[in-house]
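# A look at the structure
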Protein chains: 4
Amino acid sequence: MASEKDTSPSGANSLWGGRFEAGPAEIMEKINASIDFDKILYGQDIQGSKAHCQMLIKQEIISAEDGEKILVGLDQVKEEIEAGNFTYDTALEDIHMHVESRLTEIIGDAAGRLHTARSRNDQVATDFKLWVRDASDQMDQALCGLQNALVTKAEQNAHVILPGFTHLQSAQPITFGHHLLAYFEMFTRDRDRLRDARERLNECPLGAAALAGTSFPIDRFQTAKSLNFRAPTANSLDSVSDRDFALEFLSVASICATHVSRLAEEIVIWSSAQFNFINLSDKFTTGSSIMPQKRNPDAAELCRAKAGRIIGALTSLLIVMKGLPLAYSKDMQEDKEATFDAANAFALCIAAMTGMVGDMTVNERAMKASTQNGFITATDLADWLVRVLGMPFRNAHHVTGSLVALAEKKGCDLDGLTLDEMQTVEAKITQDVFSVLTVESSVASRISFGGTAPEQVLAQVKAAKSRIK
Amino acid sequence: MASEKDTSPSGANSLWGGRFEAGPAEIMEKINASIDFDKILYGQDIQGSKAHCQMLIKQEIISAEDGEKILVGLDQVKEEIEAGNFTYDTALEDIHMHVESRLTEIIGDAAGRLHTARSRNDQVATDFKLWVRDASDQMDQALCGLQNALVTKAEQNAHVILPGFTHLQSAQPITFGHHLLAYFEMFTRDRDRLRDARERLNECPLGAAALAGTSFPIDRFQTAKSLNFRAPTANSLDSVSDRDFALEFLSVASICATHVSRLAEEIVIWSSAQFNFINLSDKFTTGSSIMPQKRNPDAAELCRAKAGRIIGALTSLLIVMKGLPLAYSKDMQEDKEATFDAANAFALCIAAMTGMVGDMTVNERAMKASTQNGFITATDLADWLVRVLGMPFRNAHHVTGSLVALAEKKGCDLDGLTLDEMQTVEAKITQDVFSVLTVESSVASRISFGGTAPEQVLAQVKAAKSRIK
Amino acid sequence: MASEKDTSPSGANSLWGGRFEAGPAEIMEKINASIDFDKILYGQDIQGSKAHCQMLIKQEIISAEDGEKILVGLDQVKEEIEAGNFTYDTALEDIHMHVESRLTEIIGDAAGRLHTARSRNDQVATDFKLWVRDASDQMDQALCGLQNALVTKAEQNAHVILPGFTHLQSAQPITFGHHLLAYFEMFTRDRDRLRDARERLNECPLGAAALAGTSFPIDRFQTAKSLNFRAPTANSLDSVSDRDFALEFLSVASICATHVSRLAEEIVIWSSAQFNFINLSDKFTTGSSIMPQKRNPDAAELCRAKAGRIIGALTSLLIVMKGLPLAYSKDMQEDKEATFDAANAFALCIAAMTGMVGDMTVNERAMKASTQNGFITATDLADWLVRVLGMPFRNAHHVTGSLVALAEKKGCDLDGLTLDEMQTVEAKITQDVFSVLTVESSVASRISFGGTAPEQVLAQVKAAKSRIK
Amino acid sequence: MASEKDTSPSGANSLWGGRFEAGPAEIMEKINASIDFDKILYGQDIQGSKAHCQMLIKQEIISAEDGEKILVGLDQVKEEIEAGNFTYDTALEDIHMHVESRLTEIIGDAAGRLHTARSRNDQVATDFKLWVRDASDQMDQALCGLQNALVTKAEQNAHVILPGFTHLQSAQPITFGHHLLAYFEMFTRDRDRLRDARERLNECPLGAAALAGTSFPIDRFQTAKSLNFRAPTANSLDSVSDRDFALEFLSVASICATHVSRLAEEIVIWSSAQFNFINLSDKFTTGSSIMPQKRNPDAAELCRAKAGRIIGALTSLLIVMKGLPLAYSKDMQEDKEATFDAANAFALCIAAMTGMVGDMTVNERAMKASTQNGFITATDLADWLVRVLGMPFRNAHHVTGSLVALAEKKGCDLDGLTLDEMQTVEAKITQDVFSVLTVESSVASRISFGGTAPEQVLAQVKAAKSRIK
């Protein structure tokens, strides 16, 4: 078989065409090398190597002189990478070998002492954990921004009334602020999950070496501390075979993505001409040169779709890890792309959603108008019958049903019935009943803890502000 | 269309045949009713109703007399269900209506007061949360049992040596106790996740009513407290539209299932005649009447496979929840079967795995024999060169490679080389090198924190015992 | 450990409580036995056994006398099962052992000859394939019913105009018949897929025995023929380790389920008060005793949700099969529940969707009214500029944009502009332009093959009728 | 908010850091633009545009002169892209706009006529279909190569005996050629599926325009023909909203990936020192500078893992499509990356697996040695009892069990028992029984169609060669 490099243009053909002519060496290099994606770990890799080097010096496993050369050299490698003056080569497989190889060029033989008492197995586990920890922290901040946007919008709309839906059918009137705060709760749980996951991953695998630990007198507690880990991991085999931290990050992202997708779906529906509850500006929509009034909610649709991508990444990594014998198998190299891609999608979603929440204009009038049918205060009537007339709830339901049927026949809403008409169904009804039949009275009455009444919403807003941190 | 009941025998044909003759009423009843699976919530449903009733009494929303009737009646319903004297009927759709309907038969009109200030939406959320909370607690206990089995076995096998694998190729010698403790770490993280999830779900949705809260003067803090929830949920819309608690339970179960599947895979491989590292007894294998020596590790294989089922359940519920507008949509009725089925599979896996860990006989001799090839102490040799001769690690690697090549050529293991032979490769090597070439000395030397040395393993066992709770 | 049967009531507690007290024997029995779900294979099992027995007789591997006893006995077992006079016992593990055990009770020693030249491995593969083949055939018929419902409804609504949406924003007017026929195309592809899958699975594994074939002079072609298989499978190892047929069935069901979910989503949106495009009757909605006008589209929501369940089943089985060494592993026992459950969900969805399509009332007026804003004929205007004035399309786009902006400013739709006003933008526009600005003329003009014009739709309906088979 | 471009270095920080400072415009551009991944469609896009242009000329919708300019211009754009002289700009969103924009620069206003009677919706559907069709064809060829490798290796190893496993326990002796041919069958089904999928997707969406068809007198049959599609699609809404072809491609790839993962798992197990059934050369393994004898089967492990990635892609796109209303939603932009990535992973797997099958060295001696325990011919003994002594199979099983127990007690294999010893269990046994107790006689006897006998395997090889096309 020929082993010439595939030189066809990018595109499907090069991908496939290359296959038939490529010799084994190339296929192996292509399937095996990870530098194309793991190069983004360069910062974490150098951070970890410096911590390891400092520990080796302190434990007198390497000399202070060699150690110093290594530390200075690593800084230089980092600068070169960040300056864009760094050459990547798939023959060097991964970021770890790239860094070490360049270090050797810079400082010579001393570079060969850096890998004492460690292995690529614990090194990559450490690098990847550091990356996921960083991503978690940044995700947490991003969600904090989204919470702030929601709370601000909720406060502004604490009194705005719209239909509360079940089955996309009007059920009871609610306030828009209250609706937005439901998402505040979801994202609060997401942030809690992120923090728990971060706390759990925060043990340092460095020093587990290949899988068995090492005979060098290393101090894993020091390395852990200097990398801001809570402690070293307790079992060296587990240290190199564990990818729970990526799985848990992807789980948290997947659940959060379902929340984002629900809000995105609502934004799409609310933006339709038929609902017309909100308008998004040009900032988060795309138009059409031919229909300038058109505001396609592309960003919301993409946020909705990204849930598929993120859940796909979780599924993918769960499948990869299923049934793998200890300690390290090359299958685990599939951990990174799924995680990087999902984190990227997740970041875009939260940023776009934060923008859209701030950007949306609320059509208060259209929302209110949508409550003006569907006997949306029927539950309020039933509750009045229970509260004032002392009926059992099930009986009150039945009476309300008859009154709704009467109104439907007459072609009016419940408050369009006269007292006389009502009394034909239930003689004890009094004029007082009309006080509960407006949507304003309905929402105002729901002051139970967590309820939709504006005063409750404002209390929830206040509490939310103090809960955001 | 005819609407006769499908009376064909069970099996594929009845399932399908019924479809064509069934009238809409039956199709609707079949797709809509949940009683077939939600009846297992009866305990939680009655528990929740009693708490709600007690609160209604205390808040004087219903009379003490009616309340007492309801409480007594609910107890009777529970007894009837547990005694098996209860009739289910798909026309009554779900467990909530079954309980209320029977309560009405027993106590009459007062039963109609129980549903005051609540709705099926907050009721089912409460019931299901209570169920998931119970399942989490029981899962936690089950995992505790598995941890104990692992620690016990690890202690017994702290000195047993076997090859530590990467890529299923021998890498370095390790101890079997150490290997088992890697799983202890995984299950510790799983239990931590379970507890975090439990803490997070522990807010009570009862009192959210349909979605907007209620105008009745309920006390949600009391209900929450009497059901052992930390607090009431803060937003009524979120309360009825949230299924995070099930998603998180399934995420935790999925990650744990990958751990179980890894151990199961190892048990299958270890049980093969070619490895022969362990034997399972008849208790957890199936035999064959024709090959009585055969011990098929069926239980391990099923444990491995259940990961697919549990991950499938997680995927399924994530898909169901994706893009659902607030507050309640009937799609959410798909939450229960996935969760119940996964919890059941999970329980079986943990129970079977606990049994297998205790049941396995360790073939110490075969394990040790497996280390006697593959130059498994090559890393020890390299480390000796670094430690004693002060070589840079990368150079030591190179020298070791040459020594291995020499041994391979001679057809012996590393300790089969003479000192003279070694010195042809590296003149500074001394007799002392032979002290690190046995598997016993190798494992004994790896005393870094979390390492495989028997003394470290015993320290880890001790720590593990105090960490189990 | 005690080994008493778990006698606690059904529910979470029995599930879990049983675990701790159960001895290994019970755990093993619980995780290992499949009779609870594979009993629905009884028909296929007996069908396969009869075919096998007839071949054994013909090949003189067993005597005609013994063979006759077996055939008669198998019929009796089938009758007992169908009459409900059959005792199941988890100690007998699966349906195959149940049938053989009962056969032995009925006919004695001759029953022991039935298993000559076969094994449970080829037997279960055959049974399960027969079941999937039956399910495919029934699914195909069900989809045929749904196609008929769609075509009938499309023909009735070939002239009904509604907005065609992209991004849930009005784009161009279309006809409702045309919209429904889009689903006809999807289900046509689904049926094609089902048939291809059926053709592919239609090879008979019986005679592969445990995995290696057999030394008895069997005739696999005869068995295949008598079970209506195209041919025997070509490799005995593959025969017992293959579950492609279930995976492909689940893939087809998953893709079809996304189609169902899309139509379900549209039904939910169309049924909202804000869209009001259709009404579902009581038959496929649930109401509320308190809001009798409410028609919750529960059946549509459940159809939408079942996609999650079916995709979950596919994911689950793909995971189970991933990485299994040949030939048979017990993991494969997880194949059936996923497939049975998905087939059941699939059947319910198609039946309910067929019912809903027939049941829906089309609100022609509301659909039409929804087209009366949004400059929905802007593309028609641009096309007129290209066709009549010979403008390049991109220029025509630009002119149309200016005209829409003018109309928006004036507060009218495009046909509300005067010719003079139009000519201020583009002088060459003539009176003829108004002929393309109504929604009626717009849809009527789209007569390209597959277009939305009523005449095209009727042609498509005619073609569809001839394509349904 | 500031709207400065994110200028931080690549890596996690830039990803996240950019978010907070980025203005809405940038977030929207980032989430909305597809040019980064859809640029690989350039070939298909230009191919489709040329076919569309030729049809417009023939139908006299545009002039021959303009048409000619467009055709020449498109060829120039293609050349520029392939020469690497093409500038990409996310402001131009996607490949379609890039091509048209560059075309306008080259040929001026005539370029604006190309988009007559089409829209981006039908254009992208056409481009993507063409890509998937190409990928299917190339995949089919790649699988053909793998089949050839398997058949060649099978022919060479038709007589090599190894244990056939169930549950990774020895069951019956088989031949290695037979084992490899099991995979031939799997990949044959995969290719069948690919071809069915290709045939099904082979309808041309071009001319569906935005969603409703067009009023221009286009000839969709001509366009379809010139792009080698069987026919135009029958419904314009379906044409732009359908992504079945990608879903089906991913389903086929997922099922095939499970086959690859099974063979990969076997290669990993066979390569272990404990099995030692095969050796992979350096070409498809990675070594270690310190343990030169080590051959880590990285390529096999990566092939096993890619199943996770491909299944994840399928799951992801199924989720994206679930519940999308017609016709086009931006969610559908998520279709491409999943498909491209899975196709890439798939191609790598098949190439690597083809290489490994050819590369492996078969350790005939070790395979045979592995059959020398475990009473692997017990079934042959039982079959002899049935065939020669006329025992019912179940009785023969019982007798065999007793003989195995006897041999186990004596510490020998079955052929180590004397005739006298055998007759203590069953008096009628004769010397002839020993003729069936060797593994050679065992495999030679299994001549049933598809069985493991070398002569059968060679017949299967012959048939396989004629089936490969």
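Look a little higher up for the structure.
Here we summarise the structure given alongside this text. Note that this is a predicted model, so its numbers are computed, not measured. All residue numbers refer to positions counted from 1 along the written sequence of the respective chain. Labels follow written order: the first chain is A, the first ligand is 1, and so on. Since the coordinates come from a predicted model, pLDDT governs what is reported: local features require at least 70, and pairs of side-chain atoms require 80 or more to be given and counted, while whole-chain, interface and lining totals use all residues. Remark: hydrogens and water are excluded; side-chain values derive from all non-hydrogen atoms of the structure.

### Notes on the overall build of chain A
Heads up, the condition is: Helix and strand definitions follow DSSP, with helices as H or I runs of at least four residues and strands as E runs of at least two, each counted in order from the N terminus. Atoms considered for the radius of gyration are the C-alpha atoms alone. The globule rule reads 2.2 Å times the number of residues to the power 0.38. Type-normalised accessible area, obtained with a 1.4 Å probe on protein chains alone, sets the label of each residue: buried when under 20%, exposed when over 50%, and partly exposed for intermediate values. Every residue pair with non-hydrogen atoms within 4.5 Å of one another is taken to be in contact. Throughout, the Shrake-Rupley method with a 1.4 Å probe supplies accessible areas, and for residues the shown protein chains are the sole cover considered. Positive charge is attributed to Lys and Arg, negative charge to Asp and Glu, and no charge count is given to His or to the chain ends. Note that the charge is assigned to NZ on lysines, CZ on arginines, CG on aspartates and CD on glutamates.
The secondary structure content of chain A amounts to 19 helices and six strands. Rg of the C-alpha trace for chain A: 31 Å, well past the compact-globule value of 23 Å for 469 residues, more than 25% over. Along the three orthogonal principal directions, the C-alpha set of chain A runs to about 100 × 50 × 40 Å. Burial analysis of chain A (469 residues in total) assigns 68% to the buried set. For chain A, the proportion of contacts with a sequence separation of at least 24, taken over those separated by at least 6, is 73%. Accessible area for chain A stands at about 14,600 Å²; split by element, carbon and sulfur atoms hold 50% of it. Charge-centre separation for chain A: the mean point of 47 positive side chains lies 5 Å from the mean point of 62 negative side chains.

### Some thoughts on the packing of aromatic side chains
Put simply, the rule reads: For this analysis, a ring pair means two rings from Phe, Tyr or Trp (six-membered ring only for Trp) whose centres lie within 6.5 Å, classed as stacked if their planes differ by under 30 degrees, edge-to-face if by over 60, and tilted for the remaining angles. Charge over a ring is defined by NZ of Lys or CZ of Arg lying within 6 Å of the ring centre and within 35 degrees of the ring normal.
One pass over the structure, following the stated rule, counts 38 aromatic pairs over all chains. Aromatic ring contacts, followed pair by pair, group Phe165, Phe275 and Phe277 of chain A together with Phe165, Phe275 and Phe277 of chain C into a single cluster. In this structure, Arg133 of chain A is placed above the aromatic ring of Phe229 of chain A, and the distance from its NZ or CZ to the ring centre is 4.7 Å. Taking NZ or CZ as reference, Lys39 of chain B lies 4.9 Å from the ring centre of Tyr88 of chain B, over its face.

### A look at the interface of chain C and chain D
When the parts come together, some accessible area is lost, and that loss is often what is quoted as the size of the interface. Where we set the bar: In short, buried area is how much 1.4 Å probe accessible area vanishes from two parts on joining, totalled over both. Any carboxyl oxygen of Asp or Glu within 4 Å of a side-chain nitrogen of Lys or Arg constitutes a salt bridge here. Here a polar contact is taken to be a pair of N or O atoms separated by no more than 3.5 Å, where protein atoms must pair a possible hydrogen donor with a possible acceptor and residues adjacent in sequence count only if both atoms sit in side chains. Residues are sorted three ways: Asp, Glu, Lys and Arg are charged, Ala, Val, Leu, Ile, Met, Phe, Trp, Tyr, Cys and Pro are nonpolar, and all the rest, Gly among them, are polar.
Tallying the contact residues gives 96 residues for chain C and 96 residues for chain D. Buried surface at the junction of chain C and chain D, summed over both partners, amounts to about 8,200 Å²; 56% is from carbon and sulfur atoms. By the criterion of area lost to chain D, the three top residues of chain C are Arg262, Leu326 and Phe449 of chain C, representing 9% of everything that side buries. Here chain C and chain D share 14 salt bridges between them. Note that Asp244 of chain C is salt-bridged to Arg189 of chain D, the shortest N-O span being 2.9 Å. Here chain C and chain D share 56 residue pairs in polar contact (both at pLDDT 80 or more) between them. Counted by class, the side of chain C that touches chain D contains 37 nonpolar, 34 polar and 25 charged residues.

### Examining the relation of the copies chain C and chain D
Test applied: When the copies are superposed, the least-squares fit takes in the C-alpha atoms of residues with a pLDDT of at least 70 in both.
Between chain C and chain D, the superposition needs a rotation of 180° and an axial shift of 0.0 Å, giving an RMSD of 0.1 Å. Read as a symmetry element, the transformation amounts to a two-fold axis. For chain C, the minimum C-alpha distance to the rotation axis belongs to Ser251 of chain C and amounts to 3.1 Å.

### Looking at the packing of helix α4 (residues 42-58) of chain B against helix α5 (residues 64-83) of chain B
All names here are of chain B. Inclusion rule: Angular values range over 0 to 180 degrees, each being the angle between N-to-C directions of two axes fitted as lines to C-alpha atoms, with helices fitted over their stretch in contact. Every angle not falling under 35 degrees, over 145, or within 65 to 115 is termed oblique; those three ranges are roughly parallel, roughly antiparallel and roughly perpendicular.
Remark: α4 packs on α5, axes separated minimally by 9 Å, with the N-to-C direction vectors making an angle of 170°. Judged by the inter-axis angle, α4 sits roughly antiparallel to α5. Contacts between α4 and α5 pair Tyr42, Ile46, Ser49, Lys50, Cys53, Gln54 and Ile57 from the former with Ala64, Gly67, Glu68, Ile70, Leu71, Leu74, Asp75, Val77, Lys78, Ile81 and Glu82 from the latter. Tallied by class, the residues present in the contact of α4 with α5 amount to ten nonpolar, three polar and five charged.

### Concerning the pairing of strand β2 (residues 169-175) of chain D
Residues and elements named next belong to chain D. The criterion, for reference: For two strands to be treated as a pair, DSSP must find no fewer than two bridges joining them.
With seven of seven residues buried, β2 lies mostly within the body of the structure. Relative to β2, strand β1 (residues 161-166) runs antiparallel, the two sharing six bridges. The residue bridging Leu162 from the neighbouring strand is Ile174, located in β2. The loop that links β1 with its antiparallel partner β2 comprises two residues; one of these, His167, has a positive phi angle of about 60°.

### Side note on the pattern of salt bridges
Tallying each qualifying case throughout the model produces 144 salt bridges over all chains. Measuring nitrogen to oxygen at the nearest pair gives 2.9 Å for the salt bridge that ties Glu185 of chain A to Arg467 of chain A. Taken as a pair, Glu185 of chain A in helix α8 (residues 176-201) and Arg467 of chain A in helix α19 (residues 454-467) lie far apart in primary sequence, 282 residues in all. Between Glu100 of chain D and Arg394 of chain C there is a salt bridge, with the nearest N and O atoms lying 2.4 Å from each other. Highlighted residues: Glu100 of chain D in helix α6 (residues 95-107) and Arg394 of chain C in helix α16 (residues 393-410), drawn from two different chains. Owing to a relative accessible area of 12%, Glu100 of chain D belongs among the buried residues under this scheme. Residue Arg394 of chain C is classed as partly exposed on the basis of its relative accessible area, which comes to 32%. Within this structure, Arg189, Asp190, Arg193 and Asp196 of chain A together with Arg200, Asp238, Asp242, Asp244 and Glu248 of chain B form a network of salt bridges that share partners.

### Considering the interface of chain B and chain C
Counting residues at the interface gives 57 residues for chain B, matched by 57 residues for chain C. Summed over both partners, the interface of chain B with chain C comes to about 5,300 Å²; 68% of that surface belongs to carbon and sulfur atoms. Our count for the contact surface shared by chain B and chain C stands at ten salt bridges. Residue Lys306 of chain C is joined to Glu334 of chain B by a salt bridge in which the shortest nitrogen-to-oxygen separation is 2.7 Å. Elements represented by at least two residues in the side of chain B that touches chain C include exactly α1 (12-21), α2 (24-32), α7 (120-156), α12 (298-321) and α13 (335-359) of chain B. Broken down by element, the residue count for the side of chain B that touches chain C peaks at 16 residues, all from α12 of chain B. Partitioning the side of chain B that touches chain C into residue classes produces 29 nonpolar, 15 polar and 13 charged.

### Side note on the environment of Lys58 of chain B
Residue and element names in this part refer to chain B. Its location among the elements puts Lys58 in helix α4. Given the relative accessible area of 52%, Lys58 is considered exposed. Sequence separation between Lys58 and Ser271 is 213 residues, and the spatial gap between their C-alpha atoms is 63 Å. Sequence-distant contacts of Lys58, defined by excluding residues within four places in its chain, comprise Asp219 and Gln222. Reaching out from Lys58, the side chain makes a polar contact with the side chain of Gln222 at a distance of 3.2 Å.

### Side note on the relation of the copies chain B and chain C
Between the two copies, chain B and chain C, the superposition gives an RMSD of 0.0 Å; the rotation angle is 180° and the shift along the axis is 0.0 Å. In this assembly the copies share their binding face: 100% of the residues contributing to the interface of chain B also contribute to that of chain C.

### Digging into helix α19 (residues 454-467) of chain D
All names here are of chain D. Threshold: Helices are assigned an expected span. That span is 1.5 Å times one less than the residue count. By construction, the arc corresponds to the directions joining the helix axis to the C-beta atoms.
Taking 1.5 Å per residue, 14 residues should reach 20 Å; α19 reaches 19 Å between its end C-alpha atoms and fits that length. Those residues of α19 that fall on the buried side of the exposure criterion are Pro454, Gln456, Val457, Gln460, Val461 and Ala464. End-on view of α19: buried residues confined to an arc of 145°, all on one side of the axis. Seen from the buried face of α19, the exposed residues on the opposite side, beyond 90 degrees, are Glu455, Lys462 and Ser466.

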